[in-house]
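One-letter residues, chain by chain:
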Amino acid sequence: MQSQTYVKVNAITTLLTIPQVGVETGIGEKSTFQFDVTASFWKSVNGKPMEFYIFIPEYRYHFKEKYNGFYVGAHVGFTLYNFQKWNYLNSDLYEKGFGYVMGATVGYQQKINDQFLLDFFLGGGNSQGYYKGYYIGTDTRYESAEGNNKSGEWLPYRVGVMVSYKFK
């Protein structure tokens with residue numbers, strides 16, 4: 001019973017053509033481990049780069065029982081991106097880089113039947129990025145940092161409804 005495993009797809013981000021897929025498995029009476037990947041494969045949207053990948057392993061504690069009710073999670077993840085940040089949307093600037101995220105998730109899981117459940121969640125935390133900034137079109141650097149530039153932000157970066165299927 002403790003090692004039940006679910007394969008999951010985020011219905012909301014997948015409909016937005018940014019799939020998030022994951023696996024969640026039991027590791028204790030009220031504990032689970034989830035690993036998920038979110039990916040935007042878009043090389044360009046309106047001439048602006050929008051490609052990113054987020055890899056997040058997460059420990060979850062379920063207050064009632066696993067896979068039924070409220071839970072909280074803690075995670076540390078890794079990111080790769082070739083992306084125009086939200087605060088540069090009206091410019092010709094973008095970043096290529098990598099980073100890490102550290103944060104928490106709150107969620108609620110509702111069983112539909114013995115095989116399926118819905119996982120409603122919201123998460124975020126601190127994101128630290130190491131990147132090189134470029135001008136779109138010329139690919140010349142717009143900042144003068146030697147090596148990688150750095151930035152950090154507190155922000156939400158996980159939200160959705162995972163449709164989950166239990167392996168038998």
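Residues numbered from 1 in each chain as written. Predicted model: local features only at pLDDT ≥ 70, side-chain atom pairs only at ≥ 80, totals over all residues. Heavy atoms only, no water.

**Some remarks on the overall build of the protein**
Going by this rule: Per the convention used, a helix needs a DSSP run of H or I reaching at least four residues, while a strand needs a run of E reaching at least two, with both numbered from the N terminus. Per-residue accessibility, obtained with a 1.4 Å probe over protein chains only, is compared with the maximum for each type, and a residue is labelled buried under 20%, exposed over 50%, and partly exposed between these values. Note on contacts: a residue pair is in contact if any heavy atoms of the two residues lie within 4.5 Å. Calculation of accessible area relied on Shrake-Rupley with a 1.4 Å probe; when residues are assessed, cover is drawn exclusively from the protein chains displayed.
Of the regular secondary structure elements, the protein holds 1 helix and 8 strands. Each helix and strand of the protein, ordered N terminal to C terminal, gives the series β-α-β-β-β-β-β-β-β. In terms of principal-axis extent, the alpha carbons of the protein reach across some 55 × 25 × 20 Å. Counting the 168 residues in the protein, one finds 41% classified as buried. Look at the contacts in the protein between residues 6 or more apart in sequence, and 58% of them connect residues 24 or more apart. When the accessible surface of the protein is totalled, it reaches about 9200 Å², and 65% of it is carbon and sulfur.

**Some details on a nonpolar patch on the surface**
Basically, it comes down to this: Patch definition: residues with relative accessible area over 30% and no salt bridge; like charges joined within 9 Å; nonpolar side chains (Val, Leu, Ile, Met, Phe, Trp, Tyr) joined within 5 Å. One side-chain nitrogen of Lys or Arg within 4 Å of one carboxyl oxygen of Asp or Glu is enough to make a salt bridge.
Among the surface-exposed residues, Ile27, Phe33, Phe35, Tyr59, Tyr61, Phe63, Phe70, Val72, Val106, Leu122 and Val159 lie close enough to one another that they form a single nonpolar patch of about 1000 Å² accessible area. One can find valine 72 in strand S5 (residues 69–83).

**Here we look at the confidence of the model for the protein**
Rules: Values of pLDDT, which run from 0 to 100, indicate the predictor's confidence residue by residue.
A residue-level look at the protein finds 98% of positions with pLDDT of 70 or above and a mean pLDDT of 94. Within the protein, strand S1 (residues 5–10) carries the highest mean pLDDT (98), whereas strand S3 (residues 31–45) carries the lowest (94).

**Section: the pairing of S5**
Regular strands show a simple pattern: their side chains alternate between the two faces of the sheet. Going by this rule: The pairing criterion is simple: DSSP has to find at least two bridges between the two strands.
Pairing geometry for strand S4 (residues 48–62) and S5, over 11 bridges, is antiparallel. Pairing of arginine 60 across the sheet is with glycine 73, part of S5. Between S4 and S5, which pair antiparallel one after the other, the connecting turn spans 6 residues, and tyrosine 67 there sits at a positive phi close to 65°. Relative to strand S6 (residues 93–111), S5 is paired through 15 bridges, and the arrangement is antiparallel. Residue pairing in the sheet places phenylalanine 83 in a bridge with glutamate 95 of S6.

**Side note on the nonpolar core**
The cut-off we apply is this: We define a nonpolar core as any set of buried Ala, Val, Leu, Ile, Met, Phe, Trp, Tyr and Cys residues linked to one another through side-chain atoms lying within 4.5 Å.
Of all hydrophobic cores here, the largest spans 5 residues; its members are Phe52, Ile54, Ile56, Val101 and Tyr157. Setting aside its immediate chain neighbours within four residues, valine 101 contacts Ile56, His75, Val76, Gly77, Thr79, Asn126, Ser127 and Tyr157.

**Focus on the packing of aromatic side chains**
What counts, and what does not: Classification of ring pairs uses Phe, Tyr and Trp, with its six-membered ring standing for Trp, and accepts pairs whose centres are within 6.5 Å; under 30 degrees between planes counts as stacked, over 60 as edge-to-face, and the remaining range as tilted. Look at NZ for Lys and CZ for Arg. If either is within 6 Å of the ring centre and within 35 degrees of the ring normal, a charge sits over the ring.
Going through the model one piece at a time under the given rule, you end up with 11 aromatic pairs. Note on phenylalanine 98 and tyrosine 130: the rings are 5.6 Å apart at their centroids and 20° apart in plane angle, and the pair reads as stacked. With phenylalanine 98 in strand S6 and tyrosine 130 in strand S7 (residues 116–135), the pair connects residues that are 32 residues apart, well separated along the chain. With a centroid separation of 6.1 Å and 70° between ring planes, the pair formed by tyrosine 135 and tyrosine 142 is classed as edge-to-face. Through successive ring pairs, a cluster of aromatic residues spans Tyr88, Tyr135 and Tyr142. Here the guanidinium or amino end of lysine 96 rests over the ring plane of tyrosine 134, the centre of that ring lying 5.4 Å away.

**Re the sheet that holds S6**
Just so we agree on the cut-off: In this analysis an axis means a line fitted to C-alpha atoms, helices contributing only their contacting stretch, and an angle means the value between N-to-C directions, from 0 to 180 degrees.
Taking strand neighbours around the barrel as the criterion, the 8 strands line up as S1-S2-S3-S4-S5-S6-S7-S8 in a closed arrangement whose pairing is antiparallel. This sheet shows a mean twist of 25° between the axes of neighbouring strands, independent of strand direction. The pairing of S6 with S7 spans 19 bridges and is antiparallel. Opposite tyrosine 94, over in S7, you have tyrosine 134 as the bridge partner.

**Brief notes about unusual backbone geometry**
A positive phi is found at threonine 17, a non-glycine position, where the angle reads about 65°. Mapped onto the elements, threonine 17 comes out in the loop between helix H1 (11–15) and strand S2 (20–26). Phi at tyrosine 67 is positive, roughly 65°, even though this residue is not glycine. Within the secondary structure, tyrosine 67 sits in the loop between S4 and S5. The class of tyrosine 67 is buried, set by a relative accessible area of 1%.

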